[in-house]
Amino acid sequence: MSEQPSEASGVPASSEASGSAADGSPASQAPTPQAVAPERTPADAKPTEPTPAKQASPAATEPPATPAYLHAQRQPARGAQQTWQPGQPWRPPVKGPGATAKLRPAAPPLVRPAVLWAALATAVLSALLLGDGLGVNLLIVAVPAALAAAFAARAAGRRLRPWTATWAVGGLALLVVPALRDAGWPTFLAVVSAFALGSLALHGSRTWLGVLLGSVGTLDSVVPGARWGWRGVRERADGSRGRWGTAVRTTAVALGLLVVFGTLFASADAAFADLLGRLTPDVSIVDGPLRTFLFLVGLLGALAAARTAAAPVRWDGLTVKPGKPRGRTEWALPLIVLNLLFAAFITLQLVVLLGGYDKVREQTGLDHAEYARQGFWQLLWATLLTLLVIALALRWAPRGASRDRTLVRAVLGTLCVLTLVVVASALRRMDLYVDEYGLTRLRISVAAMELWLGAVFVLILAAGFFGARFLPRAIAVSAGAAVLAFGLISPDAVVAEQNVQRFQDDRTSIDIDYLKDLSADAVPALDELPEPQRSCALRVIQRELHTSDSPWYATSWGEARAREILRERPAANERDTCYGLGTDGVREGERGGYEQDHDDYDPY
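Residues numbered from 1 in each chain as written. Predicted model: local features only at pLDDT ≥ 70, side-chain atom pairs only at ≥ 80, totals over all residues. Heavy atoms only, no water.

### Some remarks on the overall build of the protein
Part 1 of the argument: Of the regular secondary structure elements, the protein holds 24 helices and zero strands.
Part 2 of the argument: Each of the 604 residues in the protein was classed as buried or not, and the buried ones make up 34%.
Part 3 of the argument: Considering only residue pairs separated by 6 or more positions, the protein has 78% of its internal contacts joining residues 24 or more positions apart.
Part 4 of the argument: Carbon and sulfur atoms form 63% of the exposed surface of the protein, whose accessible area is close to 35700 Å². (Helix = DSSP H or I, 4+ residues; strand = E, 2+ residues; numbered from the N terminus. Buried < 20%, exposed > 50% of the residue type's maximum accessible area, 1.4 Å probe, protein only. Contact = heavy atoms within 4.5 Å. Areas by Shrake-Rupley, 256 points an atom, 1.4 Å probe, with all protein chains shown as cover.)

The structure is reproduced here in structure tokens:
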């Protein structure tokens, strides 16, 4: 009698084969062993015993092979029951890594003690110095934070590259502006730009998206940085309890000696007491919540910077898919038409400049100031829109052969050159308007922005000849340099100097109501005014300086210089005299019978 499979076998061979194939494991390709019953006669025939389950194929009971990143997610928690069973297709699949997983670096190494000490120094200095205003204290606090990032980057094996050094030096240089200038608006721009450049130094971004996201990417490391620092403190403390105790005792003894002998010396000499009082931060119980908040901000900020330096997110991994290349005629024709329009406008501007504004007044009925004010904002918007047109044109530009690249460079290069002429025309219009009505904060701000846009177009032209590899980083550096230059020239002082010079030249008008609201940076220029205009322009600033009691680390150089000038020549506090002046700073009847036209509509 031939051998046949037993009918009472535990698992049929066909069932096992189908189950193994469905699992997709490598074991499904191996032959399945079959249970074979021995020959028997009808006389001793008995019911066949079922085959034990342990004799079944191991491939039928093992879970399928899983990728490495899914293996940890499918492991049950300790003490929990395994809920996964083979052959359950209705079970929801485990999700793979997210879309930004490739941007996340590996976990940084254990935080070094030098990083922890630098972060602690940043937190203490933030709590002691930043509660009284901004000045050189911001630069003092930034130094240990930068050291923490440098120590963490060195421990992670990162090297200092030229662009990283450029951004780091630029960020620290921008923090010099609060130490020099009293005006709040250039200080705000400098602090924001310093944070952006510092974040770029930590990330080392290169692409457009990398530079844009890297400028604020340090915020992504605030929570991971806190966890990283806490884990490092805990592990370091477990292995070095004796050293921590020694450090605490040494610090306590040093502080005790400073307090005891400092108190004795201060009580023995009044000059030393005054010096010690000016150097020591004034900390009170009332300021406790604010100081605690500043301590946490400094600690979390330093740890976030160090965590980013050790393991930065690679924002350069985010890419934008280029647009579909267009045909040469389809792409170039609209841009050539735009170039012709720019050329026509510029030709008219040259005619106006050569023919003089008398011809313009005859044709339009506008004087040169009204003509300048009428077109500045339109030219500024035209400059901004041209940048957008260039970006979109590069996205769909033809890029098949060398002739395509030559066409792109010729068309867009011409557009950039023509836009530079438009920028010059806008600046000339602003200059004419300032000569007529004076300089203000908004006018100098938009003029500085227009100058920076011209620098951006020069960089784009250079990228067309030398390659666009460095263009995103170069534009970021140019923005930081523009903000630094804007703060160093002291815009409030420039505004005051221009208006004072106009008043000294013609003695017709000066806007005292506007100048008295400038910062202390304008005091040296306003000090050159004759009386009573000088006192009327300085009395508000003098009152603010007398009521403020900022310590040395929260006092700018501009404020210190203003205090010295007003101490030597205080402004007279005569309200009636100032009220007697007109809105233009000139007494009625002192204009020699000529009434200056007043600009009733001034949008900026």
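### What to know about the packing of helix α22 (residues 533-547) against helix α23 (residues 557-568)
A pair of packed helices is captured by two measures, namely the crossing angle of their axes and the spacing between those axes.
Part 1 of the argument: At a minimum axis separation of 11 Å, α22 and α23 run at an interaxial angle of 120 degrees. Taken together, the axis directions place α22 and α23 in an arrangement best described as oblique. In this structure, the crossing between α22 and α23 has a hand that is left-handed. Contacts between α22 and α23 involve Arg534, Leu538, Gln542 and Leu545 from the first element and Glu559, Ala562, Arg563 and Leu566 from the second. (Axes fitted to C-alpha atoms, helices over the stretch in contact; angles between N-to-C directions. Parallel < 35°, antiparallel > 145°, perpendicular 65-115°, else oblique. Left-handed = near helix turned anticlockwise from the far one by under 90°.)

### What about the nonpolar core?
Part 1 of the argument: Counting 48 residues, the largest nonpolar core has Val523, Leu526 and Leu529 as its most contacted members.
Part 2 of the argument: If you tally residues by element for this core, the top one is helix α17 (residues 441-466), at eight residues.
Part 3 of the argument: Ranked by size, the runner-up nonpolar core spans 14 residues in total, among them Ala142, Trp167, Val177 and Ala194. (Core = buried A, V, L, I, M, F, W, Y, C linked by side-chain atoms within 4.5 Å.)

### Details of the side chain of Gln498
Part 1 of the argument: As for its position among the elements, Gln498 is in helix α19 (residues 491-506).
Part 2 of the argument: Contacts of Gln498, omitting those with residues within four sequence positions, involve Val434, Gly438 and Leu439.

### What to know about a nonpolar patch on the surface
Part 1 of the argument: Together, Val253, Leu257, Val260, Phe261, Leu264 and Phe265 line one region of the surface with nonpolar side chains, adding up to about 590 Å² of accessible area.
Part 2 of the argument: The topology assignment puts Val260 in helix α10 (residues 241-268). (Patch = residues over 30% accessible without salt bridge, like charges linked within 9 Å, V, L, I, M, F, W, Y side chains within 5 Å. Salt bridge = Lys/Arg side-chain N within 4 Å of Asp/Glu carboxyl O.)

### Here's the deal with α23
Because an α-helix completes one turn every 3.6 residues, residues spaced three or four positions apart along the sequence face the same direction.
Part 1 of the argument: With twelve residues, α23 ought to run about 16 Å at 1.5 Å a step, and its terminal C-alpha atoms sit 17 Å apart, in line with that.
Part 2 of the argument: Every buried residue of α23 is accounted for by Gly558, Glu559, Ala562, Ile565 and Leu566. Buried residues of α23 fall within an arc of 125 degrees about the axis and therefore sit on the same side. Of the exposed residues in α23, those oriented more than 90 degrees away from the buried face are Arg567 and Glu568.
Part 3 of the argument: Buried residues belonging to α23 abut α6 (176-180), α21 (523-526) and α22. (Expected span 1.5 Å × (residues − 1). Arc of directions from axis to C-beta.)

### Concerning the environment of Val136
Part 1 of the argument: You can see Val136 is positioned in the loop between α3 (113-129) and α4 (137-155).
Part 2 of the argument: When its relative accessible area of 26% is taken as the criterion, Val136 is described as partly exposed.
Part 3 of the argument: Expressed as a C-alpha distance, the spacing of Val136 and Pro178, which sit 42 residues apart in the sequence, is 6.7 Å.
Part 4 of the argument: What Val136 contacts, discounting residues up to four positions off in sequence, is Ala179, Trp552 and Tyr553.

### Overview of the pattern of salt bridges
Part 1 of the argument: The full count for this structure, using the stated rule, is nine salt bridges.
Part 2 of the argument: The salt bridge partner of Asp132 is Arg291, with a shortest N-O separation of 3.6 Å. In this pair, Asp132 sits in the loop between α3 and α4 while Arg291 sits in helix α12 (residues 288-310), placing the two residues 159 residues apart along the sequence.
Part 3 of the argument: Exposure remark for Arg291: the relative accessible area of 7% places this residue in the buried category.
Part 4 of the argument: Its salt-bridge partner being Glu559, residue Arg563 comes within 3.0 Å of it at the nearest N-O pair. Of this pair, Arg563 and Glu559 both sit in helix α23, four residues apart, which is roughly one turn of the helix.
Part 5 of the argument: Relative accessible area serves as the criterion here: at 23%, Arg563 is assigned to the partly exposed category.
Part 6 of the argument: One continuous salt-bridge network, built from bridges that share partners, spans Asp527, Glu531, Arg534 and Arg569.

### A word on helix α16 (residues 402-437)
Part 1 of the argument: Given a rise of 1.5 Å per residue, 36 residues ought to cover 52 Å, and the 52 Å separating the end C-alpha atoms of α16 matches this to within 8%.
Part 2 of the argument: Of the residues trailing α16, Gly438 is marked for its positive phi of about 95 degrees.

### Overview of the environment of Gly171
Part 1 of the argument: Within the secondary structure, Gly171 is located in helix α5 (residues 162-174).
Part 2 of the argument: For Gly171, a relative accessible area of 8% puts it in the buried group.
Part 3 of the argument: For the pair formed by Gly171 and Gly480, sequence separation is 309 residues and the distance between their alpha carbons is 8.0 Å.
Part 4 of the argument: Apart from the residues lying within four places of it in its own chain, the contact partners of Gly171 are Ala194 and Leu197.

### Focus on unusual backbone geometry
Part 1 of the argument: For the peptide bond that leads from Glu531 to Pro532, omega is 5 degrees, which places it in the cis range.
Part 2 of the argument: Position of Pro532 among the secondary structure elements: in the loop between α21 and α22.

### Thoughts on the packing of aromatic side chains
Part 1 of the argument: Tallying each qualifying case throughout the model produces five aromatic pairs.
Part 2 of the argument: Considering the side-chain rings of Trp185 and Phe486, the 5.4 Å spacing of their centres and the 75 degrees angle between planes classify their relative orientation as edge-to-face. Here the residue Trp185 occupies a position in helix α7 (residues 184-203), and Phe486 occupies one in helix α18 (residues 471-488), the gap between them amounting to 301 residues.
Part 3 of the argument: Overall, Trp185 belongs to the partly exposed group, its relative accessible area being 21%.
Part 4 of the argument: With 4.9 Å between their ring centres and 50 degrees between their planes, Tyr433 and Tyr437 make a pair best called tilted. Placement of the pair is Tyr433 and Tyr437 together in helix α16, with a separation of four residues, close to one helical turn. (Phe/Tyr/Trp six-rings, centres within 6.5 Å; stacked < 30°, edge-to-face > 60°.)

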